[in-house]
Amino acid sequence: HSTVSKRQWPEKIPAGQTGNFSERRNRIMLPKITMTIFTLLLLVSQYLSPSPANEALNGTWKAIRFEAGGYETGDVGNEIELIIVDNQFTFIRKTGTESGTFTTEENRIDFAVTEGPFAGKHRKALYQIKNNKLFLTIATKNEYPKKMSTAADHTNVKYTYVKMK
């Protein structure tokens, strides 16, 4: 028979040592816990705060032009509106509404549609903001447009929006 002995902690602190086990543990763990909490807060704040690109996109945009197949349709009145708040969007048209979230990378934008006729799909686009106008070229296929145009050989549609607020 072999016997297993339990490790016993001394009741008294040995001579020359200060503090007890709990104090030593707290001294070691407190900086680790503090750093972990700081890192989590930093990650959450970066996720929740809009990127600089998204800040420029934030607002209510009214479409003033629409182009398809290389042809401009001219003034679209107040028929089309795009509302962007942080990483969420809503397209409002006479024919219906679609909304969801989006991500940006350089001049690309990926709309992940969660409500509306394109729910469950991604709409990929190129965008440019210039002189308080948003130029948005959306691909009708699930790939980013190669350029901002809608020439006759492309299947892209292009909107020109003006920022309302």
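Residues numbered from 1 in each chain as written. Predicted model: local features only at pLDDT ≥ 70, side-chain atom pairs only at ≥ 80, totals over all residues. Heavy atoms only, no water.

(A) Molecular detail of the environment of Leu134. Mapped onto the fold, Leu134 is located in strand β8 (residues 133–139). Leu134 gets classed as buried once you look at its relative accessible area, which sits at 1%. In this structure the C-alpha to C-alpha distance between Leu134 and Thr160, which are 26 residues apart in sequence, comes to 5.8 Å. Contact partners of Leu134, with chain neighbours within four places excluded, come to Leu57, Trp61, Leu82, Tyr127, Gln128, Ile129, Tyr159, Thr160 and Tyr161. (Helix = DSSP H or I, 4+ residues; strand = E, 2+ residues; numbered from the N terminus. Buried < 20%, exposed > 50% of the residue type's maximum accessible area, 1.4 Å probe, protein only. Contact = heavy atoms within 4.5 Å.)

(B) Fine view of the confidence of the model for the chain. When the pLDDT values of the chain are averaged, the result is 77; 63% of them are 70 or greater. Model confidence for the chain, summarised as mean pLDDT per element, is weakest for helix α1 (residues 21–48) at 60 and strongest for strand β6 (residues 108–115) at 93. (pLDDT = per-residue confidence, 0-100.)

(C) How the structure looks around the pattern of salt bridges. With the rule as written, the count across this model stands at four salt bridges. A salt bridge links Lys62 to Glu81; the shortest N-O distance between them is 2.5 Å. One end of the pair, Lys62, is in strand β1 (residues 59–68); the other, Glu81, is in strand β3 (residues 81–85), with 19 residues separating them in the sequence. This pair shows no difference in class: Lys62 is buried, exactly as Glu81 is. In this structure, Lys124 and Asp110 form a salt bridge, with 3.4 Å as the shortest nitrogen-oxygen distance. Of this pair, Lys124 sits in strand β7 (residues 122–130) while Asp110 sits in strand β6; the two residues are 14 residues apart in sequence, bridging distant segments of the chain. Each member of the pair, Lys124 together with Asp110, is buried. Salt bridges here are not isolated pairs; linked through shared partners, they connect Arg93, Glu98 and Arg123. (Salt bridge = Lys/Arg side-chain N within 4 Å of Asp/Glu carboxyl O.)

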